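# Coordinates in review
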Amino acid sequence: MDLISFEEAYTMVMNSAIEAEAETVAFTSSLNRVLTADINSDMDMPPFNKATVDGFACRRADLGSELELIETIPAGKSPESRVGERQCSKIMTGAAIPEGADMVFMVEDSAILTSGKVIYRGSFTKDNISPRGEDIRSGDRVLESGRLIRPQDIALMALAGHTLVKVSKKPVVAIISSGNELVEPPERPGLSQIRNTNSYQLMAQTERAGATGVYLGIAGDDEAATFEIVSQAISGSDIVLISGGVSMGDFDFVPSVLERAGVRLLFSRINIQPGKPTIFGIHEKSMVFGLPGNPVSSFIQFELLVRPLICKMMGYHWDPVIINLPMESSYSRKSSDRRALIPVNITGNGYVSPVEYHGSAHISAFSNATGIITLPEGKKSLEKGEIVSVRQI
Ligand code: AMP
Ligand code: MG
């Protein structure tokens, strides 16, 4: 199959997205889910003219006079008396402004005379009233469909009395690792073995992207075992991720097994580094990725292709955070025929510095990186001070 550009690969993946169904959940369980219906407020906010400070409510025209104190109004209690000429009511933050008053002066700007009268001692004061409906009007849309729900959105659901909310179902992502050399983390690897890191990294990335990860285990480097586990994965999930076994080695069975399992492969090589041998195909309602075995490659390809797909399925357009900063020193590479993704750090003084890195198996170096930058095809080097776009990872 042809070597394709990253843009082509991205477009094929995104065009394959199947919209997730919706479900209803308690608003308290909706964090990091994607809203599928607008939420409107059923009331004005604030619902009444509200005092924004602790102080005395009166008429601005009376600010220079001694004021008779007629009432104390705590938050949550309705005022009983109208404030008349040269009168005031003591009022607490969040309480309703009494009839007749057009302002509140702060306790800090007041004095109580021996006569019991109240006097304003300040030199300038705002009205300190938040009028009814100033923030939100009844019927206003406070949250729109397609929004990724954050804690401050949950406050708006509470405000609008929306205790049940409609969200997209989380896509189910089956995760498989392949390779005879792999042992699970509790085990001590024997000679020629290593611990399986990809499965757990991919599970964590899946959870972070808002989907549900299901770990199916390690497939050994034999066709029958790989076929069995792949078939199981396809039947029970929306997305299948199988890492390892995708390159040109004698025991890289994944592409042939996927085809035998009925997966229609759309691409099997992307002109990108790391992650060239990334495979993508479709089987009825499942989307299947064969990711490179090296942990840095599988991490990056997940972020570049799988995470946007998960978000799109949930009806949310995800844009990674990107910041433009200068290079701390120059950088160059030998060959420029592939697009390169380079792990970097942002230094304390706001410069970008590539991490020292032996290649896509070097996960301890990668774990210290806070971002990645892209060198496009044809570009060999970056100058010191050149502005680069850093994508947060
Ligand atoms: P492969 O794509 O199977 O040729 O694997 C490429 C490299 O990634 C090899 O060095 C593998 O040992 C390593 N590798 C493959 N799968 C995993 C995994 N699940 N965890 C850690 N390393 C892996
Ligand atoms: Mg392998």
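Each value, and the rule that gives it
- Residues numbered from 1 in each chain as written.
- Chains lettered and ligands numbered in written order.
- Predicted model: local features only at pLDDT ≥ 70, side-chain atom pairs only at ≥ 80, totals over all residues.
- Heavy atoms only, no water.
- Buried < 20%, exposed > 50% of the residue type's maximum accessible area, 1.4 Å probe, protein only.
- Helix = DSSP H or I, 4+ residues; strand = E, 2+ residues; numbered from the N terminus.
- Pairing = 2+ DSSP bridges.
- Salt bridge = Lys/Arg side-chain N within 4 Å of Asp/Glu carboxyl O.
- Near = heavy atom within 4 Å.
- Polar contact = N/O pair within 3.5 Å; in protein donor to acceptor, adjacent residues only side chain to side chain.
- Areas by Shrake-Rupley, 256 points an atom, 1.4 Å probe, with all protein chains shown as cover.
- Nonpolar A, V, L, I, M, F, W, Y, C, P; charged D, E, K, R; others polar.
- Axes fitted to C-alpha atoms, helices over the stretch in contact; angles between N-to-C directions.
- Parallel < 35°, antiparallel > 145°, perpendicular 65-115°, else oblique.
- Left-handed = near helix turned anticlockwise from the far one by under 90°.
- Contact = heavy atoms within 4.5 Å.
- Phe/Tyr/Trp six-rings, centres within 6.5 Å; stacked < 30°, edge-to-face > 60°.
- Core = buried A, V, L, I, M, F, W, Y, C linked by side-chain atoms within 4.5 Å.
- Domains from an automatic or database assignment.

## Digging into the pairing of strand S6 (residues 87-91)
- A large share of S6 lies buried, amounting to four of its five residues.
- For strand S4 (residues 55-58) and S6, the ladder comprises three bridges, and the chain directions are antiparallel. Bridged to Gly55 within S6 is Ile91.
- Judged from the five bridges that link them, strand S5 (residues 68-73) and S6 form a sheet pairing that is parallel. Its bridge partner being in S6, Ile73 is matched across the sheet by Ile91.

## Describing the pattern of salt bridges
- Tallied over the entire structure, the rule returns 17 salt bridges.
- For Asp153, the salt bridge is made with Arg147, and the minimal N-O distance between the two is 2.9 Å.

## Concerning the site of ligand 1
- Close to ligand 1 lie 16 residues; Glu181, Asn196, Thr197, Gly245 and Gly293 are nearest.
- A distance of 3.5 Å separates an oxygen atom of ligand 1 from a polar atom in the side chain of Ser247.
- Between Gly293 and ligand 1, the recorded distance is 3.2 Å, taken from a backbone N or O atom to a nitrogen atom.
- In isolation ligand 1 exposes 490 Å². Once the protein is present, 77% of that is buried.
- Counting only elements with at least two residues in the shell around ligand 1, the list comes to strand S13 (172-178) and strand S15 (194-195).
- Classifying every residue of the shell around ligand 1 by side-chain character gives two nonpolar, 11 polar and three charged.

## Remarks on the packing of helix H3 (residues 198-208) against helix H6 (residues 295-313)
- Orientation of H3 relative to H6, taken along the N-to-C sense of each, is 25°, at an axis distance of 10 Å. Of the possible angle classes, the one that applies to H3 and H6 is roughly parallel. The two elements H3 and H6 cross, and the hand of that crossing is right-handed. Across from Asn198, Gln201, Leu202, Gln205, Thr206 and Arg208 in H3, the residues of H6 making contact are Pro295, Ser298, Phe299, Phe302, Glu303 and Arg307.

## A short note on the sheet that holds S6
- Pairing in this open sheet of four strands is mixed, and the strands run S5-S6-S4-S7 from one edge to the other. The sheet is open, and its two edges are formed by S5 and strand S7 (103-106), each paired on a single side. Neighbour to neighbour, the strand axes of the sheet diverge by 30° on average, direction disregarded.
- Of the pairings in the sheet, the one linking S4 to S7 comprises four bridges and is antiparallel in character. The residue of S7 that forms the bridge with Phe56 is Phe105.

## A few points about the packing of helix H1 (residues 6-15) against H6
- Following both chains from N to C, one finds H1 and H6 inclined at 30°, their axes separated by 9 Å at the closest point. By the angle between their axes, H1 is roughly parallel relative to H6. The way H1 lies across H6 gives a crossing that is right-handed. On the side of H1, the interface is formed by Phe6, Ala9, Tyr10, Val13 and Met14, while H6 contributes Leu304, Leu305, Pro308, Leu309 and Lys312.
- Of the residues belonging to the contact of H1 with H6, the class tally is nine nonpolar, no polar and one charged.

## A few points about the packing of aromatic side chains
- For the structure on display, the rule yields seven aromatic pairs.
- Arranged with centres 5.3 Å apart and planes meeting at 65°, the rings of Tyr200 and Tyr215 form a pair that is edge-to-face. One end of the pair, Tyr200, is in helix H3; the other, Tyr215, is in strand S16 (residues 212-219), with 15 residues separating them in the sequence.
- When its relative accessible area of 35% is taken as the criterion, Tyr200 is described as partly exposed.
- With a centroid separation of 5.0 Å and 75° between ring planes, the pair formed by Phe299 and Phe366 is classed as edge-to-face. Of this pair, Phe299 sits in helix H6 while Phe366 sits in helix H7 (residues 363-367), and the two are 67 residues apart along the sequence. Judged on exposure class, the residue Phe299 and its partner Phe366 are both buried.
- An aromatic cluster of three or more residues is present, and its members are Phe56, Phe105 and Tyr120.

## Remarks on the environment of Cys311
- Within the fold, Cys311 resides in helix H6.
- A relative accessible area of 3% means that Cys311 is categorised as buried.
- The sequence separation of Cys311 and Lys170 amounts to 141 residues, and the corresponding C-alpha distance is 9.5 Å.
- Setting aside chain neighbours within four positions, we find Cys311 in contact with Ala209, Tyr316 and Trp318.

## What about the nonpolar core?
- By size, the foremost hydrophobic cluster in this structure holds 38 residues, and its most contacted members are Ile239, Leu241, Phe267, Phe289, Ile300, Leu305 and Ile310.
- For this core, the secondary-structure elements that each account for two or more residues are H1, S13, H3, strand S17 (239-243), strand S20 (279-283), strand S21 (286-291) and H6.
- Ranked by residue count, the leading element in this core is H6, at 11 residues.
- Residues from two domains meet in this core; each of domain 1 (6-20 + 170-313) and domain 4 (322-392) gives at least three.
- Discounting chain neighbours no more than four positions away, the residues touching Phe267 are Met1, Ile4, Ala9, Met12, Val13, Thr278, Ile279, Phe280 and Leu305.
- Formed by 18 residues, the second largest nonpolar core is a distinct cluster that contains Ile176, Ala219, Val230 and Leu265.

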